[in-house]
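Fold and geometry: a report
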Amino acid sequence: MAERRLLVLFGSQTGTAQDTAERIGREAKRRHLRCRVEALDSCDMANLIHEPLVVFVCATTGQGDPPDNMKMFWRFLFRKNLPGGSLCQLDYAVLGLGDSSYPKFNFVAKKLHKRLLQLGGSPLLPVALGDDQHDLGPDAVVDPWLVALWDKILALYPLPPGLEIISPDVRLPPKYTLRYLPEDSPHPGSDLLQPPAARAAPCELHPFAARVLSNQRVTAESHFQDVRLIEFDIAGSGITFSAGDVVMIQPQNCPEDVQQFCQLLCLEPHRRFVLEPTEPGTALPPLLPQPCTIRHLVTHYLDISCVPRRSFFELLASFSTNELEREKLQEFSSAQGQEELYSYCNRPRRTTLEALWDFPHTTCAIPADYLLDLIPRIRPRAFSIASSVLAHPERMQILVAVVRYRTRLSKPRRGLCSTWLASLNPEQGDVRVPLWVKKGGMKFPADPATPVIMIGPGTGVAPFRAAIQERVALGRRGNCLFFGCRYKSKDFYCQMEWEELVTKGLLTLFTAFSRDQEEKVYVQHRIRENGRLVWELLSSGNAHVYLAG
C-alpha cells in the first residue's frame, strides 16, 4: 500500500495562512496520515519531485505579491528551465487566502495553481479562494473545501484496516513537551534575554540588538497622538540600507501582561525548561533559547496581545472541565458560531490575555505543554527607515505613531510594538531592540537629474525624510515634498529640518494643515493648487512620484 503521507506548505504574512495550514495538519493526523507542516521557504524545493501529496496554503499580500516566507520558492517555481513534466507524480491542492476588496484578489493562489498544472501536477480539487470580506471570513470557503479534500485524499489513501478517524472530542498530543529543569540545575552563562549578537547581516533568526540612543516625542503634549522619533546605534552590526528600506523590529510583551498571564495559568516565571518535540523530526522553534525560562517564553515569544483565532477556542475547549465555559468555547470554534466569535473577538479587538480572563476555570487547566500550540509567536513589525546613513552614519531612525484607540471594551486598545518602543527610556541604562533590515518597495531614481515628487501625510513622511537626506548628501536637487498633518503647531514633524532645506534651496515644500482653518485642507488640495508645477516636473522633468501613508 502507498505510504500515507502529506506535506502542507504555507506562505503566510500575518499568520492566517499558517494557522489554516496547521489546522489541515491536525485534521491529517486524525486521519492517521504522516504529515509535515512547513513554511514554503523552509522546504527543500528539490525534494518536491519526490512528494506524492502536497497541500499549498497561500496568502496574497500588497499588489498581488507572495508573502515573505515563500519568495524564494516563488522564484524557484517560475524558473524558465524547469522541465514541463517535473511534477507529474504530484497530487496537489491549493488553498488561497485573500481579500476581494483588492484588485489582485488571491492572485498568488491562482498563479501557483496554474504553474503546478504546467509542471505536470494533478489537482485534487479546483483552487479554493478564501475571502476576508465574506461575512464568515475565509472559513466560509475553507470549511466545505476541506470536507471535499479529505474525501479525495481518503479515496486515494484509505484508512488502514482497523483504524478510524480520531474523533474531534479526542485531544491530539502537543507539538512539544516542556520538561522543567530542577530548580538547582546550573544556569548557562549567557543572559537569556539578550538577542544573539550579529553574525553576517542580521536577519529574523539572528537579529541585531541595537542600542536605543534617543526616544523623542515629536508631537505637542496637548496633541491626541503620541509620535516618536527613535534613534538606534547600529555600529558594528553589518547593517546597510538605503532610502525606501524597511526595518523589522521584534517586540515584546509588557511586564504587567506577562505577570497576569503567569498568574492566570499558575505558571512560575523563574522556572527553567527545555522543549522536547513529541514527534521525531519536528524542529524546535528557532527563536527560543534552550534551556529557557517561562518569563522569557511569555515575554519574547507568545503573542498574548493578539486577537485569538478560531483554532485557539477549539483547543481551549478541549481543556475545559467547566460545562458552561466549554459550551461557549465549542460555539466559538464551530462553523455556526463564527459571527458570534467575530462580535466577541474581532470587532472589539479583544486580546488573547483578555479572552483567557473570561474563561478562568478553563485557563487554569491549560497544560504548559500546549502553550506553543495554543498561542502563536509574536510577529515582527515593519517600519519605514526615516534617516539616511549619509546624514547619520552608524545610526538609524524611525518615526513611530503610538497605536492607541478605543472600542466598546473599557480598556483602550494599544499596539504591542509601538507601545513597547514608546516605553523605552535610554536614560535608564542600556536599552536594546532586536532588529534587522529588509529591502523596501520604494526605489529612488539613480539619475541625479530626475526630480522626485513625494507625497507623505503624517508618519507617511518617514521614507521621504530618508530619501531627502540621502539626495541632499549626494547633491541632488529637484526634491519636492507635499506634507500634511492636522496642526502646524502640534504635529508638523521635522519642521525645522524641512525649513532649513527650503532656505538652502534644496527642497520645495508644500504643507496642508487640515484643522488650522474652517475648511479642511489636505495634500490633494495643495497638489491641485500647484498643478502647473507638478505637470511641468512630470512632462519635461520626467519626475518620479512617490506616495506613502
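Residues numbered from 1 in each chain as written. Predicted model: local features only at pLDDT ≥ 70, side-chain atom pairs only at ≥ 80, totals over all residues. Heavy atoms only, no water.

Where an unreviewed UniProt entry is consulted, the protein chain appears under the name NDOR1 oxidoreductase, with the organism given as Falcunculus frontatus. Recorded in UniProt under Catalytic activity (unreviewed entry), the annotation for the protein chain is "2 oxidized [2Fe-2S]-[protein] + NADPH = 2 reduced [2Fe-2S]-[protein] + NADP(+) + H(+)". Within the UniProt record for the protein chain, the comment given under Subcellular location (unreviewed entry) is "Cytoplasm". (UniProt positions renumbered as here; feature names shortened; annotations may be inferred.)

This part is about the sheet that holds strand S10 (residues 246-249). Reading across from one edge, S13-S10-S17-S8-S9-S14 is the order of the 6 strands in this open sheet, with antiparallel pairing throughout. Of all strands in the sheet, those with a lone pairing partner are strand S13 (381-384) and strand S14 (395-401), marking the two edges. Neighbour to neighbour, the strand axes of the sheet diverge by 40 degrees on average, direction disregarded. Taken together, the 4 bridges between strand S8 (residues 208-217) and strand S17 (residues 432-438) define a ladder with antiparallel strand orientation. Bridged to Ala 210 within S17 is Val 433. (Pairing = 2+ DSSP bridges. Helix = DSSP H or I, 4+ residues; strand = E, 2+ residues; numbered from the N terminus. Axes fitted to C-alpha atoms, helices over the stretch in contact; angles between N-to-C directions.)

One finds Phe 261, Leu 297, Leu 302, Phe 313, Leu 371 and Leu 372 to be the most contacted residues of the largest nonpolar core, which totals 41 residues. Here the element with the most residues in this core is helix H7 (residues 310-319); it accounts for 6 residues. In this structure, Leu 371 is in contact with Phe 261, Leu 265, Leu 267, Leu 297, Leu 302 and Ile 366, ignoring residues within four places of it in sequence. (Core = buried A, V, L, I, M, F, W, Y, C linked by side-chain atoms within 4.5 Å. Buried < 20%, exposed > 50% of the residue type's maximum accessible area, 1.4 Å probe, protein only. Contact = heavy atoms within 4.5 Å.)

Our next topic: the UniProt feature "domain: FAD-binding FR-type" (unreviewed entry) in the protein chain. Per the UniProt record, the feature "domain: FAD-binding FR-type" (unreviewed entry) sits at residues 205-445. Along residues 205-445 one finds 29% helix and 21% strand; the C-alpha atoms at either end are 32 Å apart.

Under the criterion given, the structure shown has 31 salt bridges. Residue Asp 245 is joined to Lys 439 by a salt bridge in which the shortest nitrogen-to-oxygen separation is 2.7 Å. You can see Asp 245 sitting in the loop between strand S9 (227-233) and S10 and its partner Lys 439 sitting in the loop between S17 and strand S18 (452-455), a full 194 residues away along the chain. Residues Asp 430 and Arg 432 are paired through a salt bridge, measuring 3.1 Å at the closest nitrogen-oxygen approach. (Salt bridge = Lys/Arg side-chain N within 4 Å of Asp/Glu carboxyl O.)

Their axes nearest at 8 Å, the elements helix H8 (residues 323-332) and helix H9 (residues 338-346) cross at an angle of 105 degrees. The orientation of H8 with respect to H9, classified from their angle, is roughly perpendicular. Every residue of H9 that contacts H8 at Lys 328, Glu 331 and Phe 332 is listed here: Gln 338, Glu 340, Leu 341 and Tyr 344. (Parallel < 35°, antiparallel > 145°, perpendicular 65-115°, else oblique.)

Moving on to the UniProt feature "domain: Flavodoxin-like" (unreviewed entry) in the protein chain. Those residues carrying the UniProt feature "domain: Flavodoxin-like" (unreviewed entry) are residues 6-150 in this numbering. Span residues 6-150 is 32% helix and 23% strand, its end C-alpha atoms 12 Å apart.

Turning our attention to H9. Of the residues making up H9, those classed as buried are Gln 338, Leu 341, Tyr 344 and Cys 345. Take H9 and look down its axis: the buried residues cluster within an arc of 120 degrees, on one side only. Buried residues along H9 sit against helix H4 (139-156), H7, H8 and helix H10 (352-358). (Arc of directions from axis to C-beta.)

On the surface, Trp 535, Leu 538 and Val 545 cluster together into a nonpolar patch covering about 310 Å² of accessible area. For Trp 535, the location among the structural elements is in helix H17 (residues 531-539). Classification of Trp 535 by relative accessible area gives exposed; the value is 58%. (Patch = residues over 30% accessible without salt bridge, like charges linked within 9 Å, V, L, I, M, F, W, Y side chains within 5 Å. Areas by Shrake-Rupley, 256 points an atom, 1.4 Å probe, with all protein chains shown as cover.)

Next up on the list: the domain arrangement of the protein chain. Once the domains are mapped, the protein chain shows domain 1 (5-156), domain 2 (208-250 + 380-438), domain 3 (255-374) and domain 4 (452-547). One C-alpha centre belongs to domain 2, the other to domain 4; they are set 23 Å apart. In this complex, domain 2 contributes 21 residues to the contact, which on the side of domain 4 involves 17 residues. In this assembly, domain 2 packs against domain 4 so that about 1,500 Å² is buried in total across both faces, 65% of it on carbon and sulfur atoms. Where domain 2 touches domain 4, the interface holds 0 salt bridges. For the interface between domain 2 and domain 4, the tally reads 6 residue pairs in polar contact (both at pLDDT 80 or more). For the side of domain 2 that touches domain 4, the secondary structure elements donating two or more residues are S9 and S14. Grouping the amino acids of the side of domain 2 that touches domain 4 by side-chain chemistry returns 12 nonpolar, 9 polar and no charged. (Domains from an automatic or database assignment. Buried area = accessible area lost by both parts, 1.4 Å probe. Polar contact = N/O pair within 3.5 Å; in protein donor to acceptor, adjacent residues only side chain to side chain. Nonpolar A, V, L, I, M, F, W, Y, C, P; charged D, E, K, R; others polar.)

Another point: the packing of aromatic side chains. Tallying each qualifying case throughout the model produces 13 aromatic pairs. Seen in terms of ring centroids, Phe 313 and Tyr 344 are 6.2 Å apart; in terms of plane orientation they differ by 70 degrees. Their pairing is edge-to-face. Placement of Phe 313 in helix H7 and of Tyr 344 in helix H9 is noted, with a sequence separation of 31 residues between them. For the pair Phe 313 and Tyr 344, one class covers both residues: buried. Where Phe 483 meets Tyr 493, the ring centres are 6.0 Å apart and the plane angle is 65 degrees; that geometry is what we call edge-to-face. Pair noted here: Phe 483 is in strand S19 (residues 479-485) and Tyr 493 is in the loop between S19 and helix H15 (495-503), with a separation of 10 residues, a long-range link. (Phe/Tyr/Trp six-rings, centres within 6.5 Å; stacked < 30°, edge-to-face > 60°.)

A few words on the state of the cysteines. Under the definition given, this model contains 0 disulfides. We note that Cys 254 lacks a disulfide partner, and the nearest cysteine sulfur, in Cys 262, lies 12 Å from it. Here Cys 494 is not cross-linked by a disulfide; its sulfur's nearest cysteine counterpart is in Cys 485, at 11 Å. (Disulfide = S-S within 2.5 Å.)

Turning our eyes to something else, we now look at the confidence of the model for the protein chain. Looking at the protein chain as a whole, its pLDDT mean stands at 94, while 98% of the residues score no less than 70. Confidence drops under a pLDDT of 50 for residues 189-196, and excluding neighbours within four residues, the segment shows 15 contacts in the predicted structure. (pLDDT = per-residue confidence, 0-100.)

The subject of this paragraph is helix H3 (residues 107-118). For H3, spanning 12 residues, the distance from its first C-alpha to its last is 17 Å, which sits close to the expected 16 Å at 1.5 Å a residue. Of the residues making up H3, those classed as buried are Val 108, Ala 109, Leu 112, His 113, Arg 115 and Leu 116. Buried-residue contacts for H3 involve strand S3 (53-59), helix H2 (71-77), strand S4 (91-98) and strand S5 (122-123). Where H3 terminates, the next one or two residues include Gly 120, which has phi positive at roughly 100 degrees. (Expected span 1.5 Å × (residues − 1).)

Now for unusual backbone geometry. Residue Pro 291 is bonded to the preceding Gln 290 through a cis peptide linkage, with omega at -10 degrees. Assignment of secondary structure puts Pro 291 in the loop between strand S11 (272-277) and strand S12 (292-293). Of note, the phi angle at His 32 is positive, near 60 degrees, even though the residue is not glycine. One can find His 32 in the loop between helix H1 (16-30) and strand S2 (34-39). With phi around 55 degrees, Arg 349 is a residue other than glycine that occupies positive phi space. Here Arg 349 is to be found in the loop between H9 and H10.

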